[in-house]
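Here's the letter readout for the chains.
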Amino acid sequence: LKRLSASISDDDARGRALSIDVYVSTELGNRARADRALDALEELGTLRQHLTFLWVARNARTMMAILDGKFTTAETLAGEALSLGRQTHGTDVDGVYGMQMFAIRREQSRLSEVAPVMKHFIEENPEESTWLPGFALIAADLGYRDAAQKRLSELARTGFAMPLDAKRSASLSFVAEVAVSLGDTEAAQTIYDYMLEYKDMTITAGVATVCFGAASRYLGMLSAALGDFEEAAAHFEHALEMNAASGSRPWLAHAQAEYANLLHKIGSKKALQRASSLSAQAWATAAELDMVRLKKRLQPTLH
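Remember, it's a predicted structure, so these values are computed and weren't measured experimentally. (Residues numbered from 1 in each chain as written. Predicted model: local features only at pLDDT ≥ 70, side-chain atom pairs only at ≥ 80, totals over all residues. Heavy atoms only, no water.)

K.L.:
An account of unusual backbone geometry is requested, with residue identities and associated values reported.
P.N.:
Phi is positive for F160, which is not a glycine, with a value near 55 degrees. Positionally, F160 belongs in the loop between helix 9 (145-157) and helix 10 (168-182). The phi torsion at D290 lies on the positive side, around 55 degrees, for a residue other than glycine. As for its position among the elements, D290 is in the loop between helix 15 (269-289) and helix 16 (292-302). You can call D290 partly exposed: its relative accessible area is 42%. (Helix = DSSP H or I, 4+ residues; strand = E, 2+ residues; numbered from the N terminus. Buried < 20%, exposed > 50% of the residue type's maximum accessible area, 1.4 Å probe, protein only.)

K.L.:
Go over the packing of aromatic side chains, please, and point to the residues and values.
P.N.:
Pairs of aromatic rings are described using the distance from one ring centre to the other and the angle between the two planes. Summed over all chains, the structure comprises four aromatic pairs. Look at F174 and F212: their rings are 5.7 Å apart centre to centre, the planes differ by 70 degrees, and that puts the pair in the edge-to-face class. Taken together, the residues F174 in helix 10 and F212 in strand 2 (residues 210-214) connect sequence positions 38 residues apart. In this pair, the class of F174 matches that of F212, namely buried. A connected cluster of aromatic rings, assembled from ring pairs, spans F102, F174, F212 and W251. The ring of Y218 is capped by R217, whose NZ or CZ atom sits 4.5 Å from the centre of that ring. (Phe/Tyr/Trp six-rings, centres within 6.5 Å; stacked < 30°, edge-to-face > 60°. Lys NZ or Arg CZ within 6 Å of the ring centre and 35° of its normal.)

K.L.:
Quick rundown of the packing of helix 14 (residues 249-266) against helix 15? Include the residues and the values.
P.N.:
In contact at an axis separation of 8 Å, helix 14 and helix 15 are set at 155 degrees when each is read in the N-to-C sense. If you check the angle between helix 14 and helix 15, you find them roughly antiparallel. The handedness of the crossing between helix 14 and helix 15 comes out as left-handed. Packed against helix 14, whose contacting residues are R249, P250, A253, Q256, A257, Y259, A260, L263, H264 and I266, the element helix 15 presents A271, L272, R274, A275, L278, S279, Q281, A282, T285, E288 and L289 at the interface. (Axes fitted to C-alpha atoms, helices over the stretch in contact; angles between N-to-C directions. Parallel < 35°, antiparallel > 145°, perpendicular 65-115°, else oblique. Left-handed = near helix turned anticlockwise from the far one by under 90°. Contact = heavy atoms within 4.5 Å.)

K.L.:
Which residues make up the nonpolar core, and what values do they have?
P.N.:
Proteins that are soluble and globular tend to have nonpolar side chains buried together. Core analysis: the biggest nonpolar cluster contains 98 residues, and I191, M195 and F212 have the highest contact counts within it. Residue contributions to this core peak at 11 residues, all from helix 4 (residues 51-68). Other than its neighbours up to four places away in sequence, M195 contacts L172, S173, A176, I203, Y218, L219 and L222. (Core = buried A, V, L, I, M, F, W, Y, C linked by side-chain atoms within 4.5 Å.)

K.L.:
A description of the packing of helix 8 (residues 132-141) against helix 10 should follow, citing residues and the corresponding values.
P.N.:
Taken N-terminus to C-terminus, the directions of helix 8 and helix 10 make an angle of 35 degrees; their axes are 8 Å apart at the nearest point. Where helix 8 crosses over helix 10, the two elements pack in a sense that is left-handed. Counted together, P133, G134, A136, L137 and A140 of helix 8 and S171, F174, V175, E177, V178 and S181 of helix 10 form the full contact between these two elements. Looking at the contact of helix 8 with helix 10 residue by residue, the class counts come to seven nonpolar, three polar and one charged. (Nonpolar A, V, L, I, M, F, W, Y, C, P; charged D, E, K, R; others polar.)

The following block contains the structure:
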């Protein structure tokens with residue numbers, strides 16, 4: 001697409017191709033290629049003063065800043081992207097901004113700031129389906145287990161039938177965490193089967209919204225919840241490798257913490273030694289990036 005658009009000097013086609021390249025490269029964990037496509041998209045948008053391409057590029061910069069664990073920078077970029085997007089798309093861009101801010105605030109352990117509003121929204125919108133996975137995860141994170149289970153059960157009754165859109169992998173990752181948190185093994189098995197198609201990919205939402213790192217981390221969590229420790233370990237090993245290779249620092253730290261949790265359950269001397277090392281690595285990253293949620297989780301295992 002990029003070659004064809006360049007050969008016919010079609011800026012619109014080239015911008016679309018570059019946007020797709022950013023998305024696909026990020027989804028495949030090829031950070032270097034994604035960065036090159038993003039640089040080219042930003043250059044094209046600036047040269048032609050094309051607001052839509054500049055909006056996509058600014059969102060992509062936000063996504064990359066989150067991958068780097070630069071949450072303050074990411075928040076600033078997300079705000080800039082929102083302003084650009086509203087000039088061309090109106091309030092239709094609010095969902096992208098909301099997902100980015102959710103990713104940032106969750107790592108900062110600041111979801112409690114919106115707890116009253118979200119609790120009301122969850123309870124007063126029983127027919128809402130598009131954002132049900134996100135609502136379920138927020139409810140679980142904020143301690144509203146009954147609300148989280150209600151949303152998870154609603155999705156389970158449909159067989160977790162979700163649209164084949166740009167939010168699908170992210171939606172599955174959200175409900176995966178909820179199922180693990182609630183100990184719902186039946187839901188965990190169904191979600192695991194769906195997520196297997198992403199096993200060699202990252203969880204990337206939208207053309208350039210947010211990337212949550214290797215899908216194999218979630219597969220590892222689900223396998224561990226289902227009692228298949230050997231399979232879980234294999235998934236976590238892949239998640240460590242992929243997140244490290246793609247420079248996904250926060251998600252590498254989460255994978256290290258999840259793997260350490262599994263190794264503690266295995267309990268052998270060798271497993272416990274590896275768990276200690278992984279926990280220490282995760283803590284170092286969490287402390288450096290001020291990942292409050294992860295630090296809170298790791299404190300009991302380190303002291």
